[in-house]
Amino acid sequence: EAEAYQLLTRLEMAKLIQTLGLSSAEVPETAAKEEKKEYVLTACDPQTFFQQAGLQGCQFYLLWGEQVLLGVLNQQEHHLWWHATQPSFLPDLLRLFSKEMKVVTNDAKRLTRMTLSYALPLPQVIFDLSLAAYLLNPTSSDYSPGRLAGEYHVPDVAIAEGASSEGEQLLRFASLCERLKEEVERNGQHFLLYEVELPLTGVLAEMEELGVAVDAQGIAEFGRMLSSQIEKLTTAIYDLSGGPFNLNSPKQLGEVLFERLGLPAKKKTKTGYSTNVDVLESLRSKHPVIGMILEYRKLSKLNSTYVEGLTKEIESDGRIHSVFNQTETRTGRISSTEPNLQNIPVRTELGREMRKFFAAKPGCVLLDADYSQIELRVLAGIAKDENMIAAFREGVDIHARTASQVFDIPLDYVTPEMRSRAKAVNFGIVYGIGAFSLSQDIDVSVAEADQ
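Residues numbered from 1 in each chain as written. Predicted model: local features only at pLDDT ≥ 70, side-chain atom pairs only at ≥ 80, totals over all residues. Heavy atoms only, no water.

Visitor: Hey, could you go over the overall build of the protein chain for me, with residue numbers and the actual values?
Guide: Secondary structure summary: the protein chain contains 21 helices and 11 strands in total. When burial is assessed residue by residue, the protein chain has 41% of its 451 residues classed as buried. For the protein chain, the accessible area works out to roughly 26300 Å², and carbon and sulfur atoms hold 51% of it. (Helix = DSSP H or I, 4+ residues; strand = E, 2+ residues; numbered from the N terminus. Buried < 20%, exposed > 50% of the residue type's maximum accessible area, 1.4 Å probe, protein only. Areas by Shrake-Rupley, 256 points an atom, 1.4 Å probe, with all protein chains shown as cover.)

Visitor: Lay out the pattern of salt bridges in plain terms, naming residues and giving numbers.
Guide: As enumerated under the stated definition, the model contains 14 salt bridges in all. Between Glu208 and Lys109 there is a salt bridge; the shortest N-O distance is 2.6 Å. Of this pair, Glu208 sits in helix H10 (residues 190-210) while Lys109 sits in helix H6 (residues 108-117), placing them 99 residues apart in sequence. Considered together, Glu208 and Lys109 belong to a single accessibility category, that of buried residues. Of the charged contacts in the structure, one is a salt bridge between Asp397 and Arg419, with a shortest N-O distance of 2.8 Å. You can see Asp397 sitting in the loop between helix H17 (386-393) and helix H18 (398-406) and its partner Arg419 sitting in helix H19 (residues 416-430), a full 22 residues away along the chain. (Salt bridge = Lys/Arg side-chain N within 4 Å of Asp/Glu carboxyl O.)

Visitor: For a nonpolar patch on the surface, give the residues involved together with the corresponding values.
Guide: A contiguous nonpolar surface patch, about 420 Å² in accessible area, is contributed by Leu7, Leu11, Met13, Leu16 and Leu20. With respect to the element layout, Leu7 can be found in helix H1 (residues 2-10). Taking the relative accessible area as the measure of exposure, Leu7 reaches 40% and is therefore partly exposed. (Patch = residues over 30% accessible without salt bridge, like charges linked within 9 Å, V, L, I, M, F, W, Y side chains within 5 Å.)

Visitor: Please set out the sheet that holds strand S7 (residues 212-214) residue by residue, giving values where relevant.
Guide: What holds strands together in a sheet is hydrogen bonding between their backbones, with the strands either parallel or antiparallel. Pairing is antiparallel in the open sheet, where 3 strands are placed in the order S8-S7-S11. In this open sheet, the two strands that pair with only one neighbour each are strand S8 (319-320) and strand S11 (358-359). Pairing geometry for S7 and S11, over 2 bridges, is antiparallel. Residue pairing in the sheet places Ala213 in a bridge with Ala359 of S11. (Pairing = 2+ DSSP bridges.)

Visitor: Account for the packing of helix H7 (residues 129-136) against H10, naming residues and giving values.
Guide: For the pair H7 and H10, interaxial distance at closest approach is 11 Å and the crossing angle is 125°. Between H7 and H10, the angle falls in the class oblique. Between H7 and H10 lies a crossing whose hand is right-handed. Between H7, through Leu131, Ala132 and Leu135, and H10, the contact on the second element is made entirely by Leu192, Leu193, Glu197, Leu198 and Thr201. Across the contact of H7 with H10, the residue classes break down as 6 nonpolar, 1 polar and 1 charged. (Axes fitted to C-alpha atoms, helices over the stretch in contact; angles between N-to-C directions. Parallel < 35°, antiparallel > 145°, perpendicular 65-115°, else oblique. Left-handed = near helix turned anticlockwise from the far one by under 90°. Contact = heavy atoms within 4.5 Å. Nonpolar A, V, L, I, M, F, W, Y, C, P; charged D, E, K, R; others polar.)

Visitor: Can you explain the packing of aromatic side chains? Please cite residues and give values.
Guide: Scanning all chains against the criterion turns up 5 aromatic pairs. Seen from their ring centres, Phe222 and Phe357 are 5.6 Å apart, and the 50° between their planes marks the pair as tilted. Taken together, the positions of Phe222 in helix H11 (residues 216-241) and Phe357 in the loop between helix H15 (349-355) and S11 put the pair 135 residues apart, joining distant regions of the chain. Just above the ring of Phe127 sits the side chain of Lys181; from NZ or CZ to the centre is 5.4 Å. (Phe/Tyr/Trp six-rings, centres within 6.5 Å; stacked < 30°, edge-to-face > 60°. Lys NZ or Arg CZ within 6 Å of the ring centre and 35° of its normal.)

As structure tokens, then:
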């Protein structure tokens, strides 16, 4: 059962673990035999807690979960004082961190963000469990202490009788942090964790706290313009379709297109006809209403997701405070949520209009900076491709040069659209695209894409 638990934990089969009734308490015999320190746990009031926390030689533990747990571990006496935090004394806790207290936590960014909100000096975070777990296994979707304890075979901690479950949880958290510190060192990721990822938590916290200014009035006006266009398109679609129907209902749209208008349909399923973008694109030449429906969908998406969606996220300071996630992607990229500020449209003229509504405060500018074609530079070096290396050394735009070769025209005649298609070729081939997918990306036949 212990081996089953470890395997299913590594494979992230949480439901199967639950079905089989396995638990993290079942650890390998080797781990169970490890020497355990015995701790005396004492729950205390905030005042006593802060007094004990100020002692020399203490390390502070802050565990975010369903409730926030605080612990101070005195290395000399092996005592842990803990208390579940209350909002009323949170500022006092944060002030404590500003006194050079070393903090171990499972969410350094959250702690820093809260400290910034009280305008206090930033805490000295020396370890973040979630970040360490992410670096060790970036493909996981769960970095909770409970799951990690099973994955890394952290045994239960020996404690005195009468201890609370919260205290046990904190002690196991401390033990888990020590285990992952060792794993990070063994994996050669010391620099990456302590010099790159941990400092970055402060940068991201400041970004979230500051937010980005938006022109709410400009967005509202843009929304009214979109609504007007959507209304005109809707009327035109009804006229060409023989009457009104719910444009947002795939079932009703399928019935109109394939029964009322008699357009060729693929096989009908139990839920009705498919009206996804691929189906509609294949019918574009069959009837003028198809192009209008595609345009309607594009404008509706722009209006609901970006105009209405972003407007809801503007806070009282006139800014949007997105959340930047450090442990979401497998590649190490940052992701953005609540709302996602990384998917503001750019490929269409109307979509680009949305970007104009993000503003800098008076006296400041927004700076757009990026590594120049970094993946292809890395590829050129790894592959030792003489033509690519020569292009980079000469300062030539690699996508434009690819376009001139693909379309067999002089470099000066390459249009932005050609360059965009060549870029899709460059990156598509690097990441393993096939001819069929490439043909859809750059709007050519499969034979051309294959060539």
